[in-house]
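Observations on the three-dimensional arrangement
Below, each chain spelled out in residue letters.
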Amino acid sequence: MMSMDSGSCRVLRRFALVLLSAVCLTAACRQPASFEQMIPQEDVAFAKQLVATLREREYETIEAVLDPEVTAAQAQRPMLESMASLFPPGEAIDVRVIGAQVTQFNQQRTVVLVLEYRFPGKKWVVANVMLQQAGGRQLVRGFQATPASDSQAVLNRFTLAGKGPAHYLMLVVTAVVPLVTVGTFLLVLYSPIQQRKWLWAVMVLFGVGQISFNWTTGEFAFQALAVQVLGGAYMQAGPFAPVVLITSIPAAAMVFLLGRRSLIARQAGAARTTDAV
């Protein structure tokens, strides 16, 4: 059988070490930067003041800063009254920014903030505020409040308690697919093949398609046109956000594993023919 020379073996080993280290650091565990570092405090102060105004039932003040398009499409006063009733009386024990997103398009800036309010008696309210700044004026594009049974950090924590078969299945698949991918990658490197070895080595590291699973809600999401390094990962948008397991189909790895023997035999036969000539 054909085998790699020592120089090629050393190069492939170094390539494997560098590539796998980079992949593990960047793809296997994806954590976005802290939203607290990218959100201007003036936006946070504006959102908190908006909620305070709602709790004081100053609806006209809120309606004055609502986007006219939103106001025209919805009956705002009943909605504001309903939201105000969700907040318990008294001061909040704690107020935290648990989610944030900033987008800039041309001269228009949009900020989405999620605030968590904790009140005495183990009562929680989550407020979502969408702010849009254009032409030197800041308007409220969206405003919503939702009661919660506990802190989002507790509700969205990663735990096996109370989970069903789908959770365990996705957990196993998300863990096994990267192991199969890495194992196949190493098998490619040490297989006695020469033709397209580098191409196979790169291809088997990627999975096709993407299946996302929300660990908190148990909801699935599918994306056909996607490529996933190592074929599995987990993502959490922040300490208060749910964990999302992500996996894909290791198609190239499966093709190589199923056709490895024939590939080795075909290349060995071609090599014998060449030697005979």
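Residues numbered from 1 in each chain as written. Predicted model: local features only at pLDDT ≥ 70, side-chain atom pairs only at ≥ 80, totals over all residues. Heavy atoms only, no water.

Turning next to the overall build of the protein. Helix and strand counts for the protein come out as 9 helices and 9 strands. Buried positions account for 38% of the 277 residues belonging to the protein. Relative to all contacts within the protein whose residues are 6 or more apart in sequence, the contacts with residues 24 or more apart total 62%. (Helix = DSSP H or I, 4+ residues; strand = E, 2+ residues; numbered from the N terminus. Buried < 20%, exposed > 50% of the residue type's maximum accessible area, 1.4 Å probe, protein only. Contact = heavy atoms within 4.5 Å.)

The next point concerns the nonpolar core. Counting 27 residues, the largest nonpolar core has Leu-54, Phe-87, Leu-113 and Phe-143 as its most contacted members. Going through the elements one at a time, helix H2 (41-55), helix H3 (59-65), helix H5 (76-84), strand S2 (94-105), strand S3 (108-119), strand S4 (123-134) and strand S5 (137-148) are the ones with two or more residues in this core. Residues contacting Phe-87, with those up to four places away along its chain left out, are Val-51, Leu-54, Arg-55, Tyr-117, Phe-119, Val-125 and Ala-145. (Core = buried A, V, L, I, M, F, W, Y, C linked by side-chain atoms within 4.5 Å.)

With that settled, the discussion passes to the confidence of the model for the protein. In this model, the protein carries an average pLDDT of 82, and 80% of its residues clear a pLDDT of 70 or more. Note on residues 18-33: pLDDT is under 50 here. Beyond four places in sequence and across chains, it has 25 contacts. (pLDDT = per-residue confidence, 0-100.)

Looking now at the environment of Leu-131. Counting through the fold element by element, Leu-131 comes out in strand S4. Judged by relative accessible area, Leu-131 falls into the buried class, the value being 1%. When the C-alpha positions of Leu-131 and Val-111 are compared, they lie 5.1 Å apart, and in sequence the two are 20 residues distant. Discounting chain neighbours no more than four positions away, the residues touching Leu-131 are Asp-43, Phe-46, Arg-109, Thr-110, Val-111, Gln-138, Leu-139 and Val-140.

Relative to strand S7 (residues 220-229), strand S6 (residues 206-214) is paired through 7 bridges, and the arrangement is antiparallel. Bridge assignment links Gly-207 to a residue of S7, and that residue is Gln-228. Hairpin connection of S6 to S7: 5 residues between the antiparallel strands, including Gly-218 at a positive phi of 75°. (Pairing = 2+ DSSP bridges.)

A separate point is H5. Looking at H5, one finds that the buried residues are Gln-76, Leu-80, Met-83 and Ala-84. When H5 is viewed along its axis, its buried side chains cluster within an angular range of 100° and face the same direction. (Arc of directions from axis to C-beta.)

Strand pairing in a sheet is mediated by backbone hydrogen bonds. Such pairs are either parallel or antiparallel. Ordered by their spatial adjacency, 4 strands build an open sheet running S2-S3-S4-S5, and the pairing between neighbours is antiparallel. Edge positions in the open sheet fall to S2 and S5, since each of these has one partner strand only. Shown here is a sheet whose adjacent strand axes are inclined to one another by a mean of 15°, direction ignored. Bridging between S3 and S4 involves 11 bridges; their strand directions are antiparallel. From the neighbouring strand, Arg-109 faces S4, where its bridge partner is Gln-133. Running at roughly 55° to S3, H2 makes contact with S2, S3, S4 and S5 of the sheet. (Axes fitted to C-alpha atoms, helices over the stretch in contact; angles between N-to-C directions.)

Take Gln-138: it is sitting in strand S5. The class of Gln-138 is buried, set by a relative accessible area of 19%. Residues within four places of Gln-138 in sequence aside, it is in contact with Asp-43, Phe-46, Leu-131, Gln-132 and Gln-133.

Moving on to unusual backbone geometry. Even without being a glycine, Lys-122 presents a positive backbone phi close to 55°. Turning to its location among the elements, Lys-122 is positioned in the loop between S3 and S4.

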